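# Commentary on secondary and tertiary structure
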Amino acid sequence: MQFALLAVMAIFLLPGNVGAPAHAQVTSEPVAASEDSDPSYTKVATLAEATQSYTVSMTAYNAVPAQTDGDPFTTASGAYSNPEVVAARSQDLGAELPFGTVIKIERSVADTPRCQFSTVEHLIGYRVIADTMHPRWTHKIDVLFDQADTVPIGARQVNPSYALGVCDQVTVTVVGKIDISAIPDTQAELASMFEEPSLALR
């Protein structure tokens, strides 16, 4: 009787949740680290201190061997080739747009037959520079799109990279930086890090 009483008391006094299924985990709300609370704290995302914009040409690509290399799902920075958020830049822009730079891409001039920017604009949003281009290209941005996605061009459905074509007079604005190992999976997550409510609600 005394042993049974001690066993019952132990169940209530042991840490954790003894009665939970074996696969359940007892968790608490995560505590956000800060520079004040944790000396080893490093920010994964920082906003740009000053606006820096560049006028470039722009194309798009898919993560397939014919357009990249033998490992199309790994970018030059080591990040996963996520068509939601990744962009490449030409090697001559390496100093201005190093890996981890977060950019906003805009074009204010009208579309042309070889540049259908407005057709794919809804797929661009913010982008993280995580890949690089062949040395033959200069002053250019290359946006990664999903190879399975399509957009309408007239009566046809085509891949967004084909629909975009080759655009000039594209404005790339640096909005911040992010740690390559912490690139989010979606546009909504990336937008929320850089204070763009209209994108975060997409």
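What you see is a predicted model, and the numbers here were worked out from it, not measured in a lab.

## Things to note about the overall build of the protein
Helices and strands together make up the secondary structure of the protein, namely five helices and eight strands. Mapped in sequence order, the helices and strands of the protein form the string α-β-β-β-α-β-β-β-β-α-β-α-α. Contacts in the protein between residues at least 24 apart in sequence constitute 76% of all its contacts with a sequence separation of at least 6. A total accessible area of about 12200 Å² is found for the protein, and carbon and sulfur atoms account for 56% of it.

## Examining the state of the cysteines
By the definition in use, this model includes one disulfide. Each sulfur in the disulfide pair Cys115 and Cys167 lies 1.9 Å from the other. Linking Cys115 and Cys167, the disulfide has an S-S dihedral of approximately 95 degrees and is accordingly described as right-handed. Of this pair, Cys115 sits in the loop between strand S3 (101-106) and helix H2 (117-120) while Cys167 sits in strand S8 (residues 167-178); the two residues are 52 residues apart in sequence, bridging distant segments of the chain. In this pair, the class of Cys115 matches that of Cys167, namely buried.

## Some points on the environment of Leu164
Within the secondary structure layout, Leu164 lies in helix H3 (residues 160-164). For Leu164, a relative accessible area of 0% translates into the label buried. For the pair Leu164 and Arg114, spaced 50 residues apart in the sequence, the C-alpha separation amounts to 7.8 Å. The residues contacting Leu164, other than those within four sequence positions of it, are Met58, Thr59, Ala60, Arg114, Cys115, Gln116, Phe117 and Val120.

## Notes on unusual backbone geometry
One non-glycine residue with positive phi stands out, namely His139, at about 50 degrees. Tracing the backbone shows His139 in the loop between strand S4 (126-132) and strand S5 (140-144). Classification of His139 as partly exposed rests on a relative accessible area of 36%.

## Remarks on the confidence of the model for the protein
For the protein, the mean per-residue pLDDT works out to 79, and 74% of the residues sit at or above 70. Of all the helices and strands in the protein, helix H1 (residues 2-13) carries the lowest mean pLDDT, 40, while strand S2 (residues 86-89) carries the highest, 97.

## Digging into the side chain of Thr59
Looking at the element boundaries, Thr59 is found in strand S1 (residues 45-61). Beyond its immediate stretch of four places on either side in the chain, Thr59 contacts Met133, Lys140, Ile141, Asp142, Val143, Leu164, Gly165 and Val166.

## Quick notes on the nonpolar core
Most often, soluble globular proteins keep nonpolar side chains buried together rather than apart. Judged by nonpolar contacts, the single largest core of 26 residues is most densely connected at Met58, Leu97, Ile105, Phe117 and Ile141. Contributing elements (two or more residues each) for this core: S1, S3, H2, S5, H3 and S8. Setting aside its immediate chain neighbours within four residues, Ile105 contacts Met58, Phe117, Ile124, Gly125, Arg127, Ile141, Val143, Val170, Thr171 and Val172. By size, the runner-up hydrophobic cluster in this structure holds 18 residues, among which are Ala88, Val102, Leu144 and Val175.

## Some remarks on a negative patch on the surface
A surface patch of negative charge is lined by Glu84, Asp146, Asp185 and Glu189. Residue position: Asp146 is located in the loop between S5 and strand S6 (151-153). Relative accessible area serves as the criterion here: at 34%, Asp146 is assigned to the partly exposed category.

Rules used throughout
- Residues numbered from 1 in each chain as written.
- Predicted model: local features only at pLDDT ≥ 70, side-chain atom pairs only at ≥ 80, totals over all residues.
- Heavy atoms only, no water.
- Helix = DSSP H or I, 4+ residues; strand = E, 2+ residues; numbered from the N terminus.
- Contact = heavy atoms within 4.5 Å.
- Areas by Shrake-Rupley, 256 points an atom, 1.4 Å probe, with all protein chains shown as cover.
- Disulfide = S-S within 2.5 Å.
- Buried < 20%, exposed > 50% of the residue type's maximum accessible area, 1.4 Å probe, protein only.
- pLDDT = per-residue confidence, 0-100.
- Core = buried A, V, L, I, M, F, W, Y, C linked by side-chain atoms within 4.5 Å.
- Patch = residues over 30% accessible without salt bridge, like charges linked within 9 Å, V, L, I, M, F, W, Y side chains within 5 Å.
- Salt bridge = Lys/Arg side-chain N within 4 Å of Asp/Glu carboxyl O.
- Lys, Arg positive; Asp, Glu negative; His and termini not counted.
- Charge placed at Lys NZ, Arg CZ, Asp CG, Glu CD.

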